[in-house]
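Structural features, examined
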Amino acid sequence: MTDQIIQTLPVLTSPLLDLAGIRHAFFTRQGGVSTGLYASLNVGRGSKDAPDDVIENRRRAAEHFGLPEGALNSCYQVHSATALIADRPWNGERPQADGVVANRPGVACGALAADCAPILLADPKAGVVAAAHAGWKGALAGIAGATVLKMQELGA
């Protein structure tokens, strides 16, 4: 699939997250290679979509940040208050959690959302970023606070 013509992915951004040295994006369903029921930019490794399509979609999303596909770190989301520190690209690993925190160049934090809310956090002075998946269970359990605590472990 990588030999296909790649178009710039449509993304949404917020001026509230336009911070020095930090990039962010909210991806839409547009710009992916998935077909049928999954016709979108489906980056969910846990879906029943064709694995090669998911990999290509993830590659496209990571490329938006100038990174390889394996650097897009997202979890097997379980609606919890568990956040993890990503000290390296996970290269396809899917630990069970709902928050990803990093302070290293070359590591992108991601959260998938359908009817749940994505939370993006950043401390540009400390160079710490995070993405969390907040469904109602995880929100009530404290995923936002747990993610901030992990950010503080890294100096935020």
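Just above, that's the structure.
No experiment lies behind these values; they were computed from the predicted model shown. (Residues numbered from 1 in each chain as written. Predicted model: local features only at pLDDT ≥ 70, side-chain atom pairs only at ≥ 80, totals over all residues. Heavy atoms only, no water.)

Time to look at the overall build of the protein chain. Scanning the protein chain for helices and strands turns up three helices and eight strands. Each helix and strand of the protein chain, ordered N terminal to C terminal, gives the series β-β-α-β-β-β-β-β-β-α-α. Computed over its C-alpha atoms, the radius of gyration of the protein chain comes to 15 Å, within 12% of the 15 Å expected for a compact globule of 156 residues. Structurally, the protein chain occupies a C-alpha span of about 40 × 35 × 25 Å along its principal axes. Evaluated residue by residue, the protein chain yields a buried proportion of 37% over its 156 residues. Put simply, the protein chain shows about 8,500 Å² of open surface, and 55% of that area lies on carbon and sulfur atoms. (Helix = DSSP H or I, 4+ residues; strand = E, 2+ residues; numbered from the N terminus. Rg over C-alpha atoms; globule rule 2.2 N^0.38 Å. Buried < 20%, exposed > 50% of the residue type's maximum accessible area, 1.4 Å probe, protein only. Areas by Shrake-Rupley, 256 points an atom, 1.4 Å probe, with all protein chains shown as cover.)

Another aspect to go through is the pattern of salt bridges. Following the criterion strictly, the structure yields seven salt bridges and no others. The closest approach of N and O atoms between Arg 60 and Glu 56, which form a salt bridge, is 2.9 Å. Of the two residues, Arg 60 and Glu 56 both sit in helix H1 (residues 51–64), four residues apart, roughly one turn of that helix. On the basis of relative accessible area, Arg 60 is assigned to the buried category, the value being 7%. For Glu 56, a relative accessible area of 3% puts it in the buried group. Residues Arg 58 and Glu 69 are paired through a salt bridge, measuring 3.4 Å at the closest nitrogen-oxygen approach. Here Arg 58, found in helix H1, pairs with Glu 69, found in the loop between H1 and strand E3 (72–73); they are 11 residues apart in sequence, far enough to count as distant. (Salt bridge = Lys/Arg side-chain N within 4 Å of Asp/Glu carboxyl O.)

Our focus in this paragraph is the packing of aromatic side chains. What the rule picks out here adds up to one aromatic pair. With 6.1 Å between their ring centres and 85° between their planes, Phe 27 and Phe 65 make a pair best called edge-to-face. Pair noted here: Phe 27 is in strand E2 (residues 26–27) and Phe 65 is in the loop between H1 and E3, with a separation of 38 residues, a long-range link. (Phe/Tyr/Trp six-rings, centres within 6.5 Å; stacked < 30°, edge-to-face > 60°.)

The next point concerns H1. With 14 residues, H1 should reach 20 Å at 1.5 Å per residue; the first-to-last C-alpha distance of 20 Å fits that figure. Burial in H1 covers these residues: Asp 53, Val 54, Glu 56, Asn 57, Arg 58, Arg 59, Arg 60, Ala 61 and Ala 62. If you follow the buried residues of H1, they end up packed against E2 and E3. In the stretch just after H1, Gly 66 is the one whose phi turns positive, near 75°. (Expected span 1.5 Å × (residues − 1). Contact = heavy atoms within 4.5 Å.)

With that settled, consider the pairing of strand E7 (residues 117–123). When E7 meets strand E8 (residues 128–134), the two strands line up antiparallel, connected through seven bridges. Counterpart to Ala 117 in the pairing with E8 is Ala 134. Connecting E7 to the antiparallel partner E8 that follows it, the hairpin turn spans four residues, and Gly 127 within it adopts a positive phi of roughly 70°. (Pairing = 2+ DSSP bridges.)

Before going further, it helps to spend a moment on the environment of Pro 124. Mapped onto the secondary structure, Pro 124 falls in the loop between E7 and E8. Since its relative accessible area comes to 37%, Pro 124 is described here as partly exposed. Between the C-alpha atoms of Pro 124 and Asp 18, which are 106 residues apart in sequence, the distance is 10.0 Å.

It is worth stressing that arrangement in space is one thing and function is another; only the former is reported here.
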